[in-house]
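Next come the chains, spelled out residue by residue.
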Amino acid sequence: MGEDRVRPSAFLVQGLSTFAIAYLTSLTGLIYGWPSYTLEMFQSNATVLSAPMSTMEVSLLGSLTNVGGLMATPFCGYAVNKFGRKYAAIMYGLPFVISWGIISVARWPPLIIFAVALGGVGAAGQAVSSVYISEIAQDSIRGALTSTTVSGYFVGLLFSYAIGGQLSYHQVAYVHLAMSIMYMVMLTFLKESPVYLIQIGKDKEAAESLSFYRRVPSTAKEVEVEITKIKLQMDPRIDKILQGENDPNATKELIENQNEMPTRSESQWKFLMKSESSQRAMVSVLIVMSVTILMGSIVLQVYAEPLFKEAVPTMQPNLCSVLLAVTYLLASVLCAFMVDKFGRRPLLTITSVGSALCNLVLGSQLHVRWGPHWLTAATIYAYSFIYNFGAAIVPFVLTAEVFLPEVRGLGNSMSMACMWIMNFVTLIIFNPLVDWLGLGPVFYVFSCICLLGATYSHFWLPETKGLPADAIQKLFLKKERRDKKRVK
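In this report, we go over the structure that sits alongside the text.

1. Notes on the overall build of the protein
Within the protein, the regular secondary structure consists of 26 helices and 0 strands. Burial analysis of the protein (488 residues in total) assigns 57% to the buried set. Residue pairs at least 24 apart in sequence account for 80% of intrachain contacts in the protein once pairs closer than 6 positions are excluded. Accessible area of the protein: about 21100 Å², with a carbon and sulfur share of 66%.

Written out as structure tokens, the structure is:
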């Protein structure tokens, strides 16, 4: 770890750059939080629209953001390799600008619904944000910085709730529009990812980018070593080199013959089909993402208000929502400090077990009413904190760091698509399960899924803390193949 010591000036630059990039997820929080305090007005006779929204229109307003995100996510993998990380990130800010521009002037309900769906297109850019951050961050702080993509969402959610109760409808829209424009402006001051620059053959610009983020001269030995590491990760022979790690000639050949490195003209999909380590990394990421979504957090977010109304009827629903957003944010910030200290696997395992216990308590409380009403609210807050302290964030950290550069865009796109799909599936099956089993027993199911996630994390998930991408690939190669190499 000493070789990856982060200078204070480099930490500041990487941290501020991460804030600017992760700000996209704050814009996502704004668009997701906005309907919660405007729906009542939209349905009333005092609406600012040309006519009150119907029940169907209200339903579409709350759901089309996810549809927009799912439809735009597959494009992320193409965008990061075609336009670069920086310009792809800027491009995904544009839908938010257009969305809030429409909302600030529109009066026709279908146009408002379209604007919110367009905001979902921008939300899909989180996959780009994760790739960009992971490629400018040094290995020892990569987990903390990539986790800010989740924290940024909660910041936006909390800010939206806070100003929603203080400003008028149009003032909120103008503030959100200004924040969206500010995001695109901030990114113009950043350097492109050094990985992408090497990918397109611009080694000189890559050295300048590394110089900017590491705060060292572009001719420094540290920059030269980092460029060599990146080229190793991008070499088409990477799996063979890693499988033959005990043969010093393999790595020596790569370093001494970098100019002879075969060019890669094949698509990301073809490379994925040939790379065993990338396939296994993809499977692990999709399993972790699926299981953590199925732990029930999205259900509590959607149904928290009626549960809070029953548990603490004297508290205003908006205040409950604000406190819940504060809980999410505090947990995610704490996770950012812990994920590089304790590692991904322990954090995911422990918080999955804690989430299982909370789901068990909440399920039994809803099932047999064995405790006072306030216990329901306390359990929801406890679960929200524990889940967002690890299980909610570790999948996004893993997604950003386990893939080789050539499939990083594709891997992040597939992971985000998995997130959208599993959110949809969880919400779709929730009500039928409640009708079949009852509300309390459904949380017993969530508890079992949490334990399955903890089991997978503890026994099968590799620990990636502080490792470069090439070292991470070794963890995903089949153990028996590495053993055969050692015997030879």
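More follows now that the structure is in view.
2. Some remarks on the nonpolar core
Grouped together as the largest cluster of nonpolar side chains are 128 residues, with contacts concentrated most on Trp 34, Ile 103 and Ile 112. Not counting the four nearest positions on each side in its chain, Trp 34 is found in contact with Phe 42, Leu 61, Trp 100, Ile 103, Ile 112, Val 116, Ser 160, Tyr 169, Val 172 and His 176. Among the nonpolar cores identified, the runner-up in size contains 11 residues, and Val 195, Ala 207, Leu 210 and Ile 230 belong to it.

3. Digging into helix α10 (residues 169-187)
Helix length check: α10 (19 residues) gives 28 Å between terminal C-alpha atoms against 27 Å at 1.5 Å per residue, within 8%. For α10, the full list of buried residues reads Tyr 169, Val 172, Ala 173, His 176, Leu 177, Met 179, Ser 180, Tyr 183, Met 184, Met 186 and Leu 187. As for α10, its buried residues are in contact with α1 (8-33), α2 (39-43), α4 (85-91), α5 (94-105), α6 (109-123) and α9 (148-164).

4. A short note on the environment of Trp 108
Along the chain, Trp 108 falls in the loop between α5 and α6. Residue classification places Trp 108 among the exposed positions, given a relative accessible area of 55%. Sequence separation of Trp 108 and Ser 50 is 58 residues, and the distance between their C-alpha atoms is 5.7 Å.

5. Some points on the packing of helix α7 (residues 126-136) against helix α23 (residues 405-437)
The N-to-C vectors of α7 and α23 enclose an angle of 135°; their axes lie 9 Å apart at closest approach. Relative to α23, the element α7 is oriented oblique. Of the two elements, α7 crosses α23, and the hand of that crossing is right-handed. Touching Gln 126, Ala 127, Ser 130, Val 131, Ser 134 and Glu 135 of α7 are Arg 408, Gly 409, Asn 412, Ser 413 and Met 416, all from α23. Of the residues contributing to the contact of α7 with α23, the split by class is 3 nonpolar, 6 polar and 2 charged.

6. Topic: the side chain of Asn 388
On the secondary structure map, Asn 388 appears in helix α21 (residues 374-388). A relative accessible area of 3% places Asn 388 in the buried class. The contact partners of Asn 388, leaving out residues within four places of it in the chain, are Phe 154, Tyr 328, Ala 331, Ser 332, Cys 335 and Ile 393.

7. Quick look at unusual backbone geometry
Positive phi, normally seen in glycine, also occurs at Arg 215, with a value near 60°. By the secondary structure assignment, Arg 215 is in the loop between α12 (203-214) and α13 (221-234). Look at Arg 369: it is not a glycine, yet its phi comes out positive at around 55°. With respect to the secondary-structure elements, Arg 369 resides in the loop between α20 (344-368) and α21. The class of Arg 369 is partly exposed, set by a relative accessible area of 40%.

How each quantity is defined
Residues numbered from 1 in each chain as written. Predicted model: local features only at pLDDT ≥ 70, side-chain atom pairs only at ≥ 80, totals over all residues. Heavy atoms only, no water. Helix = DSSP H or I, 4+ residues; strand = E, 2+ residues; numbered from the N terminus. Buried < 20%, exposed > 50% of the residue type's maximum accessible area, 1.4 Å probe, protein only. Contact = heavy atoms within 4.5 Å. Areas by Shrake-Rupley, 256 points an atom, 1.4 Å probe, with all protein chains shown as cover. Core = buried A, V, L, I, M, F, W, Y, C linked by side-chain atoms within 4.5 Å. Expected span 1.5 Å × (residues − 1). Axes fitted to C-alpha atoms, helices over the stretch in contact; angles between N-to-C directions. Parallel < 35°, antiparallel > 145°, perpendicular 65-115°, else oblique. Left-handed = near helix turned anticlockwise from the far one by under 90°. Nonpolar A, V, L, I, M, F, W, Y, C, P; charged D, E, K, R; others polar.

Distances and angles like these do not, on their own, reveal function.
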